[in-house]
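# A closer look at the structure
The lines below spell out each chain.
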Amino acid sequence: MFLSMNWICDFVDLSGLDKVKLINQFSLSTAEVENEIFYKGSDISGIVVAEIKSVVDHPDSKKLHLLQVDIGESELVDVVCGAPNVRVGMKTAFAKLGAKIGEITITPRELAGYTSNGMCCSEAEVGISDDHSGIMEITDDVALGTDLKDIYEIDDIVFEVDNKSLTNRPDLWGHYGIAREFAALAGRPLKTPEMDDLSKYDELPKVDMKIEDSLCQRYSCLQFENINRNVSPVNMRIRLFYCGMRAINFLADLTNYLMLELGQPMHAFDSRKVGKIRIKRFDKPFKFTTLDEVERDIDENTLMICNDNTPVAIAGIMGGLDSEIVEDTTTLTLESATFDSVSIRKSSVRLGHRTDASQRYEKSLDPEITVPAIARFVQLLKQYDNGVKVVSSLTDEYAYKYDKVVLEFDKAFVDKYTGIEISNDTIVKTLNDLGFKVKIGHNLIENALASHGVTSENPKFTVEVPSWRATKDVTIKADIIEEITRIYGYDNFEIHTTRSPLYPVRPDDVKRDEEKIKDMLVKRYNLHEVHSYVWQYADEQKKIGIPVEENIKLSGATNPNIETIRRSLIPTQLCQVNSNVGYAPEFGIFEIGRAALGVDENNLVIEKKNLAVTLYSKVKDMKTLYFELRDILATITDDLKHKELNFVELKAAHSYEHPINLNTIVLDGAEIGRIGIVHPVVSKKIDKKANIVFAEIDVKKFADVKNDSIAYSEPSKFPPMTYDLSLELKHDTLFAELKEAWKGVADDILKGTKIVDTYDTETIHSITIRFEFGSNERTLESSEVQEIMDKIIANLEQIGAKLRTI
């Protein structure tokens, strides 16, 4: 939001103060100001009021005119001008020789054979609007030769406030609220805007108006006749332009002006088209054309302003095309209202249309300001169009009132939260300057002591929050502390070391395992950690052939591409892989993120935190890559839990999973996740030459598995003995099944087993297992080891594994 210091100075005298310094102070205390401050008018000079005395068409050009203009000096000035609206007697803005417009200095210039000794300027060239259709027309009664800056507010300091920092401050969406902050910061009094006395119209008939829906909190209106002015005053147009709005017509500009001044959106209806105002919703959807000539779909949840049963405006968002102010409008019905903020927000999201008005209504505007805004409107309307006539009394229906907020605290509370000494007088003055009503010593004893000059060391404060801060902003005592300290100045706090006791916090098991897993994946395996949102990216998934799986959805999502919450992190990671295939011939990514598996019996989301790992390679074959991922998981589990992982065949349930190469990951008897290969259809859409594998583990289930203690054994001084078996197996045989063959067989001397080789052809699936034997008491004999191996071989044959013959 752009703000004008000229406008702010209407309400607080900042003369003699460094305005830029105040803006920076405002940024520190109230709301973030963007980096650039605009010095409007600083780049122009030497532009004066001139009158066109003669107009002759250029003999060799259809567009150019030869003018003589009077700039208040002894001789007329010859000028060549191509504007289409030039005429004799017209007053305009004229840049004299030596004038500056931006980086251009006006000098005599030859144009089509004639010398132009200056330039007639458009409003766009002067920098006060974007209108460059013709030269500026000056209708005010001013002397020729008068510098334009002496009659119009061209010189100004404009700064921009980040709208996000105003979310909880509905009172700061207008210059008057900003001026209140500057007044408090500068220690200057705040001036009240001039307003018309609306009570003098009480005897006039009321407007036929009725609130028929509780979403309208307050609706105030007034009617006028005999409106003759169509073009807004120059200074009004300048302020609107500097603050990012374009001039439309006098009545539309005036409502916009009041919105930027007081923060209260207003709407002007042509009274010929609105006679019976009703505020309500409709039972059935319908089409409605707004002022921007866009036909919009209105549903049964959207609040409408109606002429009886005919909609004329979307409440709080935009008026209708059929009731707009036009050039021949002379009668006006003025609306000043407040609506339920949540309703306005939802309606603007549904319509996909946010306006300056809806942005303010979404912030919970103060209903108390609707009538003062009308009074201010009447004051300005009469000031600039003195023939206007008010033809109704103020019609005001106040359906919803916010509760009055009164907070009580003592000086000790302030001292505790601020950590510094702020005097009672400073506390009272600060709060009063911001519009709060403050009383000190709310009990009889303290009041009696105060009357005798005895003050309490810990006085109590009773603070009544002003209505414009009570809609949602200031609700608890801590909010008052913020008000006091921000105006006092955070930069005025003394820096000292806190004396608060600090206690070590032991992280929970899940968090501890998360951090260790991340460290291992990054430091040991050089994987890249990624971060993503919790929804399924429909467009991105479609590119790689993964449909959006049905799940819970975001309520009121503005983008259907991101409305469905994900059930797994793997589709998200495959989209990320697809976006980075050109990064390197192989890489791995991981994320510990959240997914949702629908809702439980209490209609609460079943939320899971999962570890997802995806490996991509154009270099390694699928088998190598798959076992690399398996080894990563096994190593993490061994390091953190000192246990082995097991794998059980799993049937594919998702479109991106390979129908065969998919396994459940089992740890200590609990199913904690899955590991698999990406479906060939999906893999080819990502990269035809690459192999992709993935794994996903439930972090909480992993953390819930208890750590095994590490068992230490003394190395044997006797030589070990190894025995290798090469076995032919069925393709669906699992290593866990083979382990049953030697389970309980010579556990005292069989120290371990491991796979040392694999061999696969179309007809043969073979592995070589190494058995390690040893004893701490004696040297083993070959015969006893062979006896044990004979038993193991017999057990293996019973489960379909036989010795491979060469």
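Right above here is the structure, for reference.
Rules used in this analysis
- Residues numbered from 1 in each chain as written.
- Predicted model: local features only at pLDDT ≥ 70, side-chain atom pairs only at ≥ 80, totals over all residues.
- Heavy atoms only, no water.
- 1 Å grid on protein atoms, 1.4 Å probe; cavity = no way out; pocket = protein on both sides within 12 Å on 5 of 7 lines; lining within 4 Å.
- Points joined across faces, edges and corners; volume = space filled by probe spheres on them.
- Helix = DSSP H or I, 4+ residues; strand = E, 2+ residues; numbered from the N terminus.
- Nonpolar A, V, L, I, M, F, W, Y, C, P; charged D, E, K, R; others polar.
- Core = buried A, V, L, I, M, F, W, Y, C linked by side-chain atoms within 4.5 Å.
- Buried < 20%, exposed > 50% of the residue type's maximum accessible area, 1.4 Å probe, protein only.
- Contact = heavy atoms within 4.5 Å.
- Pairing = 2+ DSSP bridges.
- Axes fitted to C-alpha atoms, helices over the stretch in contact; angles between N-to-C directions.

So, about the layout of surface pockets. What the largest pocket holds in volume is close to 1,800 Å³. Contributing elements (two or more residues each) for the lining of the largest pocket: helix H18 (622-641), strand S30 (645-649), strand S31 (657-667), helix H21 (735-739), strand S35 (750-760) and strand S36 (765-773). Considered as a void within the structure, the second largest pocket measures approximately 830 Å³ in volume. As for the second largest pocket, its lining consists of 32 residues, and the residues nearest its centre are Ile248, Asn256, His267, Leu291 and Met318. Looking at the lining of the second largest pocket, the elements with two or more residues in it are helix H7 (250-262), strand S14 (266-270), strand S19 (310-314), strand S20 (318-319) and helix H9 (356-361). Of all the elements, H7 adds the most residues to the lining of the second largest pocket, at four residues. Taken together, the residues of the lining of the second largest pocket sort by class into 18 nonpolar, nine polar and five charged.

This next bit is on the nonpolar core. In terms of nonpolar packing, the biggest core is built from 82 residues, with Phe159, Phe182 and Phe224 touching the most fellow members. If we skip the residues at most four places from it in the chain, Phe182 touches Met5, Ile8, Val12, Leu14, Leu22, Ile23, Phe26 and Phe159. Counting 31 residues, the second-largest nonpolar core is a separate cluster that includes Tyr219, Val274, Phe288 and Val312.

Quick look at the sheet that holds strand S11 (residues 156-161) now. Paired through their backbone hydrogen bonds, the strands of a sheet run either parallel or antiparallel. Read across the sheet, three strands follow the order S1-S11-S2 without closing on themselves; strand pairing throughout is antiparallel. Every interior strand has two partners, whereas the edge strands, strand S1 (2-4) and strand S2 (33-40), have only one. Each adjacent strand pair in this sheet contributes to an overall mean axis angle of 25°, direction not counted. Sheet topology places S1 next to S11; three bridges connect them, and they run antiparallel. Bridge assignment links Leu3 to a residue of S11, and that residue is Phe159. Packed onto the sheet, helix H2 (residues 19-29) meets S2 and S11 and runs at close to 160° relative to S2.

As far as function goes, none of this settles anything; it's purely spatial.
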